[in-house]
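Residue-level structural notes
Each chain, written out:
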Amino acid sequence: MVEQRTVDATSVVVASPEELRAAVWQRVQQARNVKRPHTLELVTAIATEVIELHGDRLYRDDPAIVGGFCRIDGRRAVFVGHQKGAETDENIRRNFGMPHPEGYRKAIRLFRLAERLNLPVVTFIDTPGAFPGPASEERGVAEAIARAIMVMTGLRTPIVTVITGEGGSGGALALAVGDVVLALENSIYSVISPEGAASILWRSAEYSQHAAVAMRLTAAEQLALGVIDEVVPEPEGGAHRDPDETARRLRTRIAAQLDSLAGRDRKALLDARYARYRNMGEFALAAETGVAQPERPGIVERIRRLLDSGRAALVGGESGLPRDADGDAADDAARPSEGA
Amino acid sequence: MPSFKLPFGRARQDYPPNLWTKCPDCGEMLYNKQLDKNQRVCARCGHHFRLRVDARIAQLLDRDSFREQDANLESVDMLGFVDQKPYPERLEAARATTGIRDAAVWGPGTIAGTRVVACVMDFAFMGGSMGTVVGEKVTRAGEHALEERLPLIVVASSGGARMQEGTLSLMQLAKTCAALGRLGEGGVPFISVLTDPTTGGVFASFAALGDVNIAEPKALIGFAGARVAAGTIAEELPEGFQRAEFLYEHGFVDLVVPRARLRETILGLLRYMRPSAHVERAGLNGSSPLGRSPQFLDALIRREPAHG
């Protein structure tokens, strides 16, 4: 079963490999579109009030990560997000949304502040990845990312994450350890950029589109994998065509998630968050003979089926079905064919 | 560092590769048996070769004290990932050449009689990359250490997250960091040993978070691959960039320790790094108001096992 890579007969696949690559790549380009509304633009449209705060108190203020207080339909919250620029000048100042370590340390500071003030956190994810240069390494970008991830996993206040554009690897995850993870329809989420994967696995950046398909980085596929919980549909033609409508849709979903998390007992909240990440991914238990036996038969197949449904949805432009925020893998396993 | 070549000797080309290994640093031909006896450190220049997991365990832990757990965990191809080869074929090839089922091994053991939980990575298995199985083993090691209140030692050797498992590999960063967060809150110490290479998502998660971080000399340790860094930015990379000594200088590694002294160094640290009593630790945890709440203390005292 694990070896099987042909599409099974029950799934609906409407694309040839070429069409699929083109469709997936179009999503990648949408996610990277410079005209796409970025964090500050979105927060300003979503919230009735925004007070931006600056600096990590250690080194400097990183313009590639923004954060502060905001009020969403009366709900007070702390927001943190990656910030790209819309114009070349701003993009250079924002380092194209690629944070240095101080950006993540600012985020940690704001997370801690939210915890102390008992305010929920909303994070917005849109980065090609953390900045990979010497300045970044010297100041410990890996440590900053690891620390941010660890702080989020144990933060005693609710966290709602929205992937709005590019979810690029560890630099994205460092702000994305939410209790609930939403994603805009044309956003992408991946362990490495398609270009990076292509140059390592295919030894040529020309295979970026192949890598993009192989990594299943579209929002619909990430939903099927359980990495994100809900896809928020974008206006016709993409978020940049109507940023206000995009913000309106996000506001509704963020507010709903904040409300459902607000009443949770803190320990239950932390346990659920721990379990959410604890259960990510599947493995098999090898028998004595050395032949692999799936630990929970059917799970891999289930994911495949869901993924294939994601494929169909992706080409058709329809976003995936919203996932119950509390739904976990065991829950889904009980109704394997739903949503397919 | 290659300095100069002596004008005589060493001209022969007929070193059988099963008997001799060439040092990539100084070019010396090293007799394999001698190299193994020297813990795979070049006798001439001190270059540290990568250690396989069994050799590392033999080096660090008391003889026959290690009890491997979960040796039967096996990666599955969740994405149907095909690059130049399908992922299951790569896994199969790696299993055949390395004799282990994935890139990490964990279990309890002792160091000079002191009980610890150890997790050791093996670069020989798909570049030590972290997929679900590696993440699971690191996490289980952390959870076991918390449950048994034993110090955790993780020896990293990895290129980073395993691309073939996509974002599910990325999620292992969160999974392992979450377990380490609980370990720290529970007052159980964690020593991270960074060996050549420790990069990408492994460095950007559990490996960077040791209460004490130890690196082997000249080990490559960094976030982005040096080529990625050089490609993204048109800057000259500094000398010794991303080497253990560079991280030491910049404050991200406590100690750079030659392999021959690693075991005794860890042993020395363990004398100070003992798991604290629960309540005492919780009382000190003042970073948040809830840290002192009765529920939180209760949770600690009851020693609730983490989710499995």
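Note that the structure is predicted; figures quoted are calculated from it, not measured.

**Observations regarding the overall build of chain A**
What chain A contains, in helices and strands, is 14 helices and 10 strands. Restricting the contact set of chain A to residue pairs at least 6 apart, pairs at least 24 apart contribute 73%.

**Quick look at the overall build of chain B**
Secondary structure summary: chain B contains 11 helices and 10 strands in total. The buried share of chain B, reckoned over its 308 residues, is 47%. For chain B, long-range pairs separated by at least 24 residues make up 66% of all intrachain contacts whose partners lie at least 6 apart in sequence.

**Focus on the pairing of strand E8 (residues 212-215) of chain B**
Residue and element names in this part refer to chain B. Note: strand E7 (residues 190-199) against E8, 4 bridges, orientation parallel. Bridge pairing in E8 places Leu194 opposite Ala215. With 2 bridges joining them, E8 and strand E10 (residues 255-256) adopt parallel strand pairing. If you follow Ile214 over to E10, its bridge partner there is Leu255.

**So, the packing of helix H12 (residues 266-278) of chain A against helix H5 (residues 166-185) of chain B**
Close contact between H12(A) and H5(B) brings their axes to 8 Å; oriented N to C, the two are set at 135°. Classed by the angle they form, the pair H12(A) and H5(B) counts as oblique. The way H12(A) lies across H5(B) gives a crossing that is left-handed. Of H5(B), the residues touching H12(A) (which contributes A:Tyr274, A:Tyr277 and A:Arg278) are B:Met171, B:Ala174, B:Lys175 and B:Ala178. Grouping the amino acids of the contact of H12(A) with H5(B) by side-chain chemistry returns 5 nonpolar, no polar and 2 charged.

**Describing the confidence of the model for chain A**
Residues and elements named next belong to chain A. In this model, chain A carries a mean pLDDT of 86, and residues with pLDDT of at least 70 account for 80%. Confidence drops under a pLDDT of 50 for residues 1-12, and excluding neighbours within four residues, the segment shows 18 contacts in the predicted structure. The low-confidence segment residues 289-294 (pLDDT under 50) makes 12 contacts with residues lying over four places distant or belonging to another chain.

**Some points on the pairing of strand E2 (residues 65-72) of chain A**
Residue and element names in this part refer to chain A. Bridge count between strand E1 (residues 49-53) and E2: 5 bridges; the pairing is antiparallel. Within E2, the position partnered with Val50 by the bridge is Cys70. Sheet topology places E2 next to strand E3 (residues 75-82); 8 bridges connect them, and they run antiparallel. Directly across from Ile65, in E3, lies its bridge partner His82. Taking the residues between adjacent antiparallel strands as the criterion, E2 and E3 are bridged by 2 residues, where Asp73 takes a positive phi near 45°.

**Quick word on unusual backbone geometry**
Looking along the chain, the bond that leaves B:Asp196 and enters B:Pro197 is cis, with omega of -15°. Here B:Pro197 is to be found in strand E7. The phi torsion at A:Arg57 lies on the positive side, around 65°, for a residue other than glycine. Following the sequence through the fold, A:Arg57 ends up in the loop between E1 and E2. Not every positive phi belongs to a glycine, and A:Ser169 is a case in point at roughly 60°.

**Structural notes on the packing of helix H2 (residues 39-46) of chain A against helix H11 (residues 243-262) of chain A**
All names here are of chain A. Taken N-terminus to C-terminus, the directions of H2 and H11 make an angle of 70°; their axes are 9 Å apart at the nearest point. Classed by the angle they form, the pair H2 and H11 counts as roughly perpendicular. Judged by the twist between their axes, the crossing of H2 over H11 is right-handed. Across the interface between the two elements, Glu41, Leu42, Ala45 and Ile46 of H2 pack against Pro243, Asp244, Ala247, Leu250, Arg251 and Ile254 of H11.

**Digging into the interface of chain B and chain A**
Each side of the interface is counted separately: chain B has 64 residues, and chain A has 60 residues. Elements with a contribution of two residues or more to the side of chain B that touches chain A: strand E3 (73-75), helix H4 (132-148), H5, helix H6 (200-203), helix H7 (226-232) and helix H11 (294-301) of chain B. By residue number, the principal contributor to the side of chain B that touches chain A is H5(B), which donates 15 residues. Here the residues of the side of chain B that touches chain A are counted per class, giving 35 nonpolar, 20 polar and 9 charged. Relative to E3(B), strand E9 (residues 283-286) of chain A is paired through 3 bridges, and the arrangement is antiparallel. Considered in E3(B), the bridge of A:Phe283 is made with B:Ser75.

**Structural notes on the nonpolar core**
Residues A:Ile145, A:Ala148, A:Ile149, A:Ala183, B:Ala118, B:Val154 and B:Cys177 are the most contacted members of the largest nonpolar core, which totals 167 residues. Setting aside anything within four residues of it in sequence, one finds B:Val154 in contact with B:Cys119, B:Val138, B:Ala141, B:Ser192, B:Val193 and B:Phe206.

**A closer look at the domain arrangement of chain B**
Residues and elements named next belong to chain B. For chain B, the assigned domains read domain 1 (14-49), domain 2 (50-275) and domain 3 (277-308). The straight-line distance from the C-alpha centre of domain 1 to that of domain 2 is 24 Å. The interface of domain 1 with domain 2 comprises 6 residues on the first partner and 11 residues on the second. In terms of residue class, the side of domain 1 that touches domain 2 is built from 2 nonpolar, 3 polar and 1 charged.

**Looking at the environment of A:Ser187**
All names here are of chain A. When you line up the elements, Ser187 lands in the loop between strand E6 (180-184) and strand E7 (188-190). Since 28 C-beta atoms lie within 10 Å of it, Ser187 is described here as buried. Along the chain, Ser187 and Glu236 lie 49 residues apart, while their C-alpha atoms are 15 Å from each other. Contact partners of Ser187, with chain neighbours within four places excluded, come to Ala31, Ile163, Thr164, Gly165, Gly167 and Ala219.

**Examining the environment of A:Glu138**
Mapped onto the secondary structure, A:Glu138 falls in helix H5 (residues 134-138). Sequence spacing of A:Glu138 and A:Pro101 is 37 residues, and the spatial spacing of their C-alpha atoms is 9.3 Å.

**Observations regarding the environment of A:Tyr277**
With respect to the helices and strands, the residue A:Tyr277 is situated in helix H12. In this structure, the C-alpha to C-alpha distance between A:Tyr277 and A:Asp179, residues 98 residues apart in sequence, is 9.4 Å.

**Some points on helix H6 (residues 141-154) of chain A**
Helix length check: H6(A), at 14 residues, gives a terminal C-alpha distance of 20 Å against a target of 20 Å (1.5 Å per residue), a fit within 8%. The element H6(A) is extensively covered by neighbouring structure, given that 14 of its 14 residues are classed as buried.

**Comments concerning H12(A)**
Given a rise of 1.5 Å per residue, 13 residues ought to cover 18 Å, and the 18 Å separating the end C-alpha atoms of H12(A) matches this to within 8%. Turning to H12(A), its buried residues number three or more, namely A:Leu270, A:Arg273, A:Tyr274, A:Arg276, A:Tyr277 and A:Arg278. Buried residues along H12(A) sit in contact with H6 of chain A together with H5 of chain B.

Criteria and thresholds
- Residues numbered from 1 in each chain as written.
- Chains lettered and ligands numbered in written order.
- Predicted model: local features only at pLDDT ≥ 70, side-chain atom pairs only at ≥ 80, totals over all residues.
- Helix = DSSP H or I, 4+ residues; strand = E, 2+ residues; numbered from the N terminus.
- Contact = placed C-beta atoms within 7 Å.
- Buried ≥ 20, exposed ≤ 12 C-beta atoms within 10 Å, placed from the backbone.
- Pairing = 2+ DSSP bridges.
- Axes fitted to C-alpha atoms, helices over the stretch in contact; angles between N-to-C directions.
- Parallel < 35°, antiparallel > 145°, perpendicular 65-115°, else oblique.
- Left-handed = near helix turned anticlockwise from the far one by under 90°.
- Nonpolar A, V, L, I, M, F, W, Y, C, P; charged D, E, K, R; others polar.
- pLDDT = per-residue confidence, 0-100.
- Core = buried A, V, L, I, M, F, W, Y, C linked by C-beta atoms within 7 Å.
- Domains from an automatic or database assignment.
- Expected span 1.5 Å × (residues − 1).

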